[in-house]
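What follows is each chain in one-letter form.
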Amino acid sequence: MQATPLAAVSLLAMLSACGPIPVDQAERVCLRDAELARAPQTDMSVGIGTGSGGTHSFGRINMQISGDYIAGRDPAQVFDDCVMRRSGETPQRGLGEQPGWQGRA
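Reference entry: report on the structure contained in this document. (Residues numbered from 1 in each chain as written. Predicted model: local features only at pLDDT ≥ 70, side-chain atom pairs only at ≥ 80, totals over all residues. Heavy atoms only, no water.)

## Points about the overall build of the protein chain
Which entries qualify depends on this criterion: A helix here means a DSSP run of H or I that spans at least four residues, while a strand means a run of E at least two residues long, and both kinds are numbered starting from the N terminus. Think of it in three bands: residues with accessible area under 20% of the maximum for their type are buried, residues over 50% are exposed, and the middle band is partly exposed, with areas taken using a 1.4 Å probe on protein chains only. The criterion used for residue contact is that any of the two residues' heavy atoms lie within 4.5 Å.
A tally of regular secondary structure across the protein chain gives 4 helices and 2 strands. For the protein chain, buried positions account for 21% of its 105 residues. When contacts within the protein chain are restricted to residue pairs at least 6 apart in sequence, those whose partners lie at least 24 apart make up 59%.

Here it is as C-alpha coordinates:
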(Lines give C-alpha, C1' and ligand atoms only; values in the text may rest on other atoms or scores of the structure.)
Protein backbone atom coordinates (compact mmCIF):
# COMPACT_ATOMS: atom_id res chain seq x y z
CA MET A 1 0.00 0.00 0.00
CA GLN A 2 1.47 3.36 -1.05
CA ALA A 3 1.06 6.53 0.96
CA THR A 4 -0.06 9.59 -0.96
CA PRO A 5 2.25 12.62 -0.91
CA LEU A 6 -0.36 14.59 1.03
CA ALA A 7 -0.56 11.88 3.70
CA ALA A 8 3.23 11.83 4.00
CA VAL A 9 3.39 15.61 4.40
CA SER A 10 0.62 15.50 7.01
CA LEU A 11 2.45 12.80 8.96
CA LEU A 12 5.69 14.79 8.90
CA ALA A 13 3.89 17.92 10.08
CA MET A 14 2.37 16.03 13.01
CA LEU A 15 5.69 14.49 13.98
CA SER A 16 7.51 17.82 13.82
CA ALA A 17 4.94 19.31 16.19
CA CYS A 18 6.08 16.77 18.79
CA GLY A 19 9.70 17.89 18.59
CA PRO A 20 11.54 20.28 20.87
CA ILE A 21 10.69 23.97 20.88
CA PRO A 22 13.20 26.83 21.31
CA VAL A 23 14.28 27.30 24.93
CA ASP A 24 12.95 30.89 25.14
CA GLN A 25 9.52 29.70 23.99
CA ALA A 26 9.64 26.82 26.49
CA GLU A 27 10.42 29.29 29.28
CA ARG A 28 7.31 31.34 28.43
CA VAL A 29 5.11 28.24 28.25
CA CYS A 30 6.52 26.69 31.44
CA LEU A 31 5.96 29.82 33.50
CA ARG A 32 2.31 28.78 33.76
CA ASP A 33 3.28 25.37 35.17
CA ALA A 34 5.40 27.10 37.82
CA GLU A 35 2.54 29.46 38.71
CA LEU A 36 0.19 26.51 39.18
CA ALA A 37 2.80 24.72 41.33
CA ARG A 38 2.98 27.80 43.57
CA ALA A 39 -0.77 28.20 44.14
CA PRO A 40 -4.14 27.29 42.62
CA GLN A 41 -5.47 29.83 40.14
CA THR A 42 -9.04 31.07 40.47
CA ASP A 43 -11.26 33.16 38.26
CA MET A 44 -14.67 34.43 39.28
CA SER A 45 -17.35 36.26 37.34
CA VAL A 46 -20.80 37.43 38.40
CA GLY A 47 -23.48 39.34 36.62
CA ILE A 48 -27.10 40.37 36.39
CA GLY A 49 -29.12 40.28 33.21
CA THR A 50 -32.61 41.36 32.33
CA GLY A 51 -34.88 40.14 29.62
CA SER A 52 -38.44 39.23 28.84
CA GLY A 53 -38.35 36.64 31.62
CA GLY A 54 -37.30 39.17 34.26
CA THR A 55 -34.02 39.71 36.03
CA HIS A 56 -31.53 36.86 36.33
CA SER A 57 -28.27 36.69 38.18
CA PHE A 58 -25.43 34.35 37.37
CA GLY A 59 -22.04 33.49 38.71
CA ARG A 60 -19.14 31.29 37.78
CA ILE A 61 -16.00 30.24 39.60
CA ASN A 62 -13.15 28.45 37.85
CA MET A 63 -10.29 26.91 39.77
CA GLN A 64 -7.16 25.28 38.39
CA ILE A 65 -5.00 23.21 40.67
CA SER A 66 -1.98 21.20 39.59
CA GLY A 67 -0.65 17.90 40.78
CA ASP A 68 2.65 19.68 41.40
CA TYR A 69 0.93 21.97 43.92
CA ILE A 70 -0.76 19.03 45.64
CA ALA A 71 2.58 17.18 45.81
CA GLY A 72 4.29 20.28 47.23
CA ARG A 73 6.86 20.48 44.44
CA ASP A 74 9.11 23.52 44.25
CA PRO A 75 7.90 25.85 41.45
CA ALA A 76 11.51 26.48 40.35
CA GLN A 77 12.08 22.75 39.91
CA VAL A 78 8.76 22.39 38.06
CA PHE A 79 9.86 25.21 35.75
CA ASP A 80 13.32 23.72 35.12
CA ASP A 81 11.89 20.24 34.44
CA CYS A 82 9.24 21.63 32.07
CA VAL A 83 11.77 23.67 30.06
CA MET A 84 14.08 20.66 29.79
CA ARG A 85 11.19 18.40 28.71
CA ARG A 86 9.90 20.82 26.06
CA SER A 87 13.18 22.15 24.65
CA GLY A 88 15.80 19.57 25.57
CA GLU A 89 17.85 22.38 27.13
CA THR A 90 18.19 23.95 30.56
CA PRO A 91 16.57 27.36 31.05
CA GLN A 92 18.60 30.39 30.01
CA ARG A 93 17.28 32.25 33.06
CA GLY A 94 16.02 30.84 36.34
CA LEU A 95 12.41 31.14 37.39
CA GLY A 96 13.08 34.16 39.61
CA GLU A 97 14.51 36.05 36.62
CA GLN A 98 11.56 35.37 34.30
CA PRO A 99 9.48 38.42 33.28
CA GLY A 100 6.09 38.17 34.91
CA TRP A 101 7.10 35.83 37.74
CA GLN A 102 5.67 37.16 40.98
CA GLY A 103 6.08 34.16 43.24
CA ARG A 104 8.97 32.93 45.27
CA ALA A 105 11.35 30.62 43.46
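## Some details on the side chain of S66
Topologically, S66 is positioned in the loop between β2 (54-64) and α3 (67-71). The exposure class of S66 is buried, given its relative accessible area of 13%. Residues in contact with S66, not counting those within four places in the same chain, are L36 and A37.

## As for the packing of aromatic side chains
Heads up, the rule is: Geometry of aromatic contacts follows a simple scheme: Phe, Tyr and Trp rings, the Trp one being its six-membered ring, pair when their centres are within 6.5 Å, and the pair is stacked under 30 degrees between planes, edge-to-face over 60, tilted otherwise. Note on geometry: a ring has a charge over it if NZ (lysine) or CZ (arginine) is within 6 Å of the ring centre and within 35 degrees of the ring normal.
Counted according to the given criterion, the structure contains 0 aromatic pairs. Over the ring of W101 we find R38, and its NZ or CZ is 5.8 Å from the ring centre.

## Comments concerning the nonpolar core
How we decide: Side-chain atoms within 4.5 Å link the members of a nonpolar core, which is a set of buried Ala, Val, Leu, Ile, Met, Phe, Trp, Tyr and Cys residues.
If you look at the biggest cluster of nonpolar residues, it comprises 11 residues: V23, A26, C30, L31, A34, A76, F79, C82, V83, L95 and W101. At the level of secondary structure, the elements contributing two or more residues to this core comprise α2 (23-38) and α4 (75-87). Per-element tally for this core: the top contributor is α2, with 5 residues.

## Quick word on a nonpolar patch on the surface
Stated precisely, the cut-off is as follows: Residues qualify for a patch when their relative accessible area is over 30% and they have no salt bridge, like charges being joined within 9 Å and the nonpolar side chains of Val, Leu, Ile, Met, Phe, Trp and Tyr within 5 Å. Every accessible area reported is derived by Shrake-Rupley at a probe size of 1.4 Å, with residue values counting cover from the shown protein chains alone. Definition used for salt bridges: Asp or Glu carboxyl oxygen within 4 Å of a side-chain nitrogen of Lys or Arg.
A cluster of nonpolar residues, M44, V46 and I61, forms a patch on the protein surface that exposes about 370 Å² of accessible area. Note that M44 resides in strand β1 (residues 41-51). Owing to a relative accessible area of 60%, M44 belongs among the exposed residues under this scheme.

## With respect to the pattern of salt bridges
Within this structure, the stated rule accounts for 4 salt bridges. Close ionic contact of R28 with D24 constitutes a salt bridge, the shortest N to O distance being 3.7 Å. One end of the pair is R28 and the other is D24, both in helix α2 and 4 residues apart, which spans about a single turn. Of the charged contacts in the structure, one is a salt bridge between E35 and R32, with a shortest N-O distance of 3.8 Å. One end of the pair, E35, and the other, R32, are both in helix α2, 3 residues apart, so they sit about a helical turn from each other. In this structure R32 comes out as partly exposed when scored by relative accessible area, which is 33%. Members of the salt-bridge network, linked through shared partners, are D68, R73 and D81.

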